[in-house]
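Remarks on the overall topology
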Amino acid sequence: MSVHLKSGCPAGPLTAPGRNCELLAKQVAPLKAWIDGEARAGHRFGLLGDFNRRFTLEQGGARDAEGRQLNVYAEINDGDPPAAKLTNITGREKFTPCTSDSEYHEFIDNILLGRDLAQSVVRKSFVRVVFNDADAKAHWLSDHCPVGIELRLR
């Protein structure tokens, strides 16, 4: 599944004041439902794209003591059912900025694979395409640069 979630709430609890975190929190339930549905159906699945969230900066569990949603990744990666357990491919990789003057230091474009598809990743196949600084400025290239992996599907 290709993902493009709400921007403006890149880190911190989803209970933070403001519309951006509130809207992002509302996007989590349908995402989780899709993941759980694919896992229950026995499908190998993955999600990739712009999550607009720095998963490596999320702290704590999915919810607080009152049951309010705090984190995206912990919420969608609860491993229930077991095949819904996710592997954050980008989270295991060293971040490289798209350009030398980039203000970003963490992935917001992620590759998440369900338990069964994660077994198909070709080791050391992760790529992140970075841009030449002059090209990025001359052609107004995105502040998101492509990430990818190779899968060996059988």
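What counts and what doesn't
Residues numbered from 1 in each chain as written. Predicted model: local features only at pLDDT ≥ 70, side-chain atom pairs only at ≥ 80, totals over all residues. Heavy atoms only, no water. Helix = DSSP H or I, 4+ residues; strand = E, 2+ residues; numbered from the N terminus. Rg over C-alpha atoms; globule rule 2.2 N^0.38 Å. Buried < 20%, exposed > 50% of the residue type's maximum accessible area, 1.4 Å probe, protein only. Contact = heavy atoms within 4.5 Å. Areas by Shrake-Rupley, 256 points an atom, 1.4 Å probe, with all protein chains shown as cover. 1 Å grid on protein atoms, 1.4 Å probe; cavity = no way out; pocket = protein on both sides within 12 Å on 5 of 7 lines; lining within 4 Å. Points joined across faces, edges and corners; volume = space filled by probe spheres on them. Nonpolar A, V, L, I, M, F, W, Y, C, P; charged D, E, K, R; others polar. Core = buried A, V, L, I, M, F, W, Y, C linked by side-chain atoms within 4.5 Å. Salt bridge = Lys/Arg side-chain N within 4 Å of Asp/Glu carboxyl O. Pairing = 2+ DSSP bridges. Axes fitted to C-alpha atoms, helices over the stretch in contact; angles between N-to-C directions.

Of the regular secondary structure elements, the protein chain holds four helices and six strands. Going from N to C terminus, the protein chain has its helices and strands arranged as β-α-β-α-β-β-α-β-α-β. What you see for the protein chain is a C-alpha radius of gyration of 16 Å, in line with the 15 Å of a compact globule of 154 residues. Here the C-alpha coordinates of the protein chain stretch approximately 45 × 45 × 20 Å along the principal axes. Going through the 154 residues of the protein chain one by one, you find that 42% of them count as buried. If you take every contact in the protein chain between residues at least 6 apart in sequence, the share linking residues at least 24 apart comes to 64%. Accessible area of the protein chain: about 8,700 Å², with a carbon and sulfur share of 52%.

Below, the discussion takes up empty space enclosed by the protein. With the rule as written, the count across this model stands at two cavities of 30 Å³ or more. Looking at the largest cavity, its volume works out to about 60 Å³. Of the residues contributing to the lining of the largest cavity, the split by class is five nonpolar, one polar and four charged. One number sums up the size of the second largest cavity: a volume of about 30 Å³. F55, T56, N88, T90, G91, F107 and N110 together form the lining of the second largest cavity.

Moving on, we get to the nonpolar core. Side chains that are nonpolar tend, in soluble globular proteins, to be buried together. Counting residues in each nonpolar core, the largest one holds 22 residues, and the members touching the most others are L31, I35, L47, F51, I76, L86 and L112. Of all the elements in the fold, those that place two or more residues in this core are α1 (19–40) and α2 (72–76). When residues of this core are assigned to their parent elements, the largest contribution, seven residues, is made by α1. Discounting chain neighbours no more than four positions away, the residues touching L112 are G46, L47, F51, F55, Y73, I76, L86, T87 and N88. Among the nonpolar cores identified, the runner-up in size contains nine residues, and F107, I111, L113 and L117 belong to it.

Here the focus is the pattern of salt bridges. Evaluated as defined, the whole model comprises nine salt bridges. Ionic pairing is found between R68 and D64, a salt bridge with its closest N-O pair at 2.7 Å. By sharing partners, the salt bridges in this structure join K32, D36 and D78 into a single network.

Within the element layout of this structure, R19 appears in helix α1. Its relative accessible area of 58% is what places R19 among the exposed residues.

Ordered in space as β1-β2-β4-β3, the four strands form an open sheet in which the pairing is mixed. Every interior strand has two partners, whereas the edge strands, β1 (2–4) and β3 (86–88), have only one. Strand-to-strand, the axes of this sheet are offset by a mean angle of 25°, without reference to chain direction. Where β1 meets strand β2 (residues 46–50), three bridges bridge the pair, whose relative direction is parallel. Each bridged residue has a counterpart across the sheet, and for V3 the counterpart in β2 is G49.

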